[in-house]
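Residue-level structural notes
Spelled out from the first residue to the last, the chains are:
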Amino acid sequence: MMKIRLDRWLAALSVGSRTEVRELIRKGRVSADGKTVRDPALSFDTDSAVLQLDGKTLDGRLVRHVMLNKPAGLLTAARDRKQPTVMDLLPGEYAGIGCMPVGRLDKDTTGLLLLTCDGEMNHRLLAPGRHVDKVYRASVSGRLTEREVLAFAEGLELSDFRAKPAELRILTAGEESSEAEVTVTEGKFHQVKRMFSAIGHEVLTLRRLRFGPLTLDEALSEGQWRELTEGELRLLRQAAGMEEA
Ligand code: URA
């Protein structure tokens, strides 16, 4: 249960500034559980109270979790002064209630990106000790062979750290380029690109297919998103060590 003052609740939902929403409340345009509320300081339970503005029901949830199929060209950041970010794909209220990307995908990387308002879960999912695995589909220059599979399995020496053993599964191998699926348990900056680069292959495209227990919903085309189902959220909380399996 999460209780919050009515004016703070409406402002968090990006209905307006604190001053603006107080004005709406005083004018009698806001109701909770069917009754007009004129006192901005009254508190309500955001999980159960039905909030309406001008008779229209608002989605009052302050905690939401999103699965996004990230397109190339957007920064993974809560905000940026110059460049568009993944937050631009969501309605403004998601930023207003504090939804943040879980980790980072490079600007040119596509695929599964989770966003959540639950700061603790976010932090836990990324903690190095937790080893939440991520699966990527990579298209790389040159021919991949058993040599690369072994190098990934042993753990690669990069300039500033030794990457943990990772699984490389070759899907197609050609003279010019190859396709593979890579499973890593870390999330260091440019991790997958740097691992390939260390053994002489350039990553041409990179798409994340899985993050821990969650697989990218194939019904989402690039740029589309949806909220996590309750089942997905439970799996994610388990992966974060916040709920029993
Ligand atoms: N590894 C990378 O190199 N880039 C990403 O975006 C994700 C993993």
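In every chain, residue numbers begin from 1 and rise along the written sequence. Only residues with pLDDT of 70 or above have their local features reported here, since the model is predicted, and side-chain atom pairs are shown and tallied only from 80 upward, although totals for entire chains, interfaces and linings are computed over all residues. Derived side-chain values reflect all non-hydrogen atoms in the structure, with water molecules and hydrogen atoms excluded from consideration.

1. Re the overall build of the protein chain
Secondary structure follows DSSP: runs of H or I at least 4 residues long count as helices, runs of E at least 2 residues long count as strands, and numbering of each begins at the N terminus. For the protein chain, the count of helices and strands is seven helices and 15 strands. Contact criterion: two residues are considered in contact whenever any of their non-hydrogen atoms come within 4.5 Å of each other. For the protein chain, restricting intrachain contacts to residue pairs at least 6 apart in sequence, the fraction spanning at least 24 positions comes to 66%. Shrake-Rupley sampling with a 1.4 Å probe provides the accessible areas, and residues are treated as covered by the protein chains on show and by no other component. Counting every atom, the protein chain has about 12,800 Å² of accessible surface; 49% of that belongs to carbon and sulfur. Under this rule, positive means Lys or Arg and negative means Asp or Glu; His and the chain ends count for nothing. A charged residue contributes its charge at one atom only: NZ of Lys, CZ of Arg, CG of Asp or CD of Glu. A gap of 6 Å separates the mean positions of the 37 positive and 37 negative side-chain charges of the protein chain.

2. Examining the domain arrangement of the protein chain
The domain limits used here are those given by an automatic or database domain assignment. Here the domain parsing of the protein chain yields domain 1 (3-57), domain 2 (65-128 + 214-239) and domain 3 (133-211). Relative placement of domain 1 and domain 3: their C-alpha centres are 50 Å apart.

3. Considering the side chain of S178
Topologically, S178 is positioned in strand 12 (residues 177-184). Under the relative-accessibility criterion, S178 is labelled buried at 1%. The term polar contact refers here to a pair of N or O atoms within 3.5 Å; inside protein, the definition further demands a hydrogen-donor-capable atom paired with an acceptor-capable atom, and it admits residues adjacent in sequence only when both atoms are side-chain atoms. Side-chain polar atoms of S178 contact the backbone oxygen of G142, separated by 2.7 Å. We call a residue buried when its accessible area falls under 20% of the maximum for its residue type, exposed when it is over 50%, and partly exposed in between, using a 1.4 Å probe and counting protein chains only.

4. Re the pairing of strand 10 (residues 134-141)
Counting buried positions along strand 10 yields seven of eight residues, so the element is predominantly enclosed. Strand direction decides the pairing type here: strand 10 and strand 12, joined by eight bridges, are antiparallel. For K134, the partnering residue across the bridge sits in strand 12 and is V184. With seven bridges joining them, strand 10 and strand 13 (residues 203-211) adopt antiparallel strand pairing. What sits directly across from A138, in strand 13, is L206. Two strands qualify as a pair provided DSSP detects at least 2 bridges between them.

5. Concerning helix 5 (residues 146-154)
Three or more residues of helix 5 are buried, namely E148, V149, A151 and F152. The arc that holds the buried residues of helix 5, viewed along the axis, is 165°, so those residues lie on one side. Relative to its buried face, helix 5 has exposed residues pointing more than 90 degrees away, namely E146, R147 and E154. Against the buried residues of helix 5 lie strand 11 (167-173), strand 12 and helix 6 (191-198). By definition, the arc is the one covered by directions from the helix axis to the C-beta atoms.

6. Structural notes on the sheet that holds strand 5 (residues 51-53)
Here four strands make up an open sheet; going across it, the order is 3-2-5-6 and the pairing antiparallel. With one partner strand each, in any of the chains shown, strand 3 (35-36) and strand 6 (56-57) form the two edges of the open sheet. Bridge analysis of strand 2 (residues 30-32) against strand 3 gives two bridges, and the strand direction is antiparallel. Each bridged residue has a counterpart across the sheet, and for A32 the counterpart in strand 3 is K35.

7. Concerning the layout of surface pockets
Here the idea is plain: a probe the size of a water molecule rolls over the atoms and shows the empty space left. Empty space within the largest pocket amounts to approximately 680 Å³. Only protein atoms enter the 1 Å grid, on which a cavity is a set of points fitting a 1.4 Å probe that cannot get out and a pocket is an open set with protein on both sides within 12 Å along at least 5 of 7 lines, lining residues being those with an atom within 4 Å of a point. Residue lining of the largest pocket: 32 residues in total, with G103, R104, G187, K188 and F189 positioned closest to the centre. Residues of the lining of the largest pocket, tallied by class, amount to 15 nonpolar, eight polar and nine charged. Residue assignment places the lining of the largest pocket across two domains, with domain 2 (65-128 + 214-239) and domain 3 (133-211) each supplying three or more. In this structure, the second largest pocket spans a volume of roughly 370 Å³. Grid points are joined across faces, edges and corners, and a volume is the space filled by probe spheres set on the points. Charged means Asp, Glu, Lys or Arg here, nonpolar means Ala, Val, Leu, Ile, Met, Phe, Trp, Tyr, Cys or Pro, and polar covers whatever is left, Gly included.

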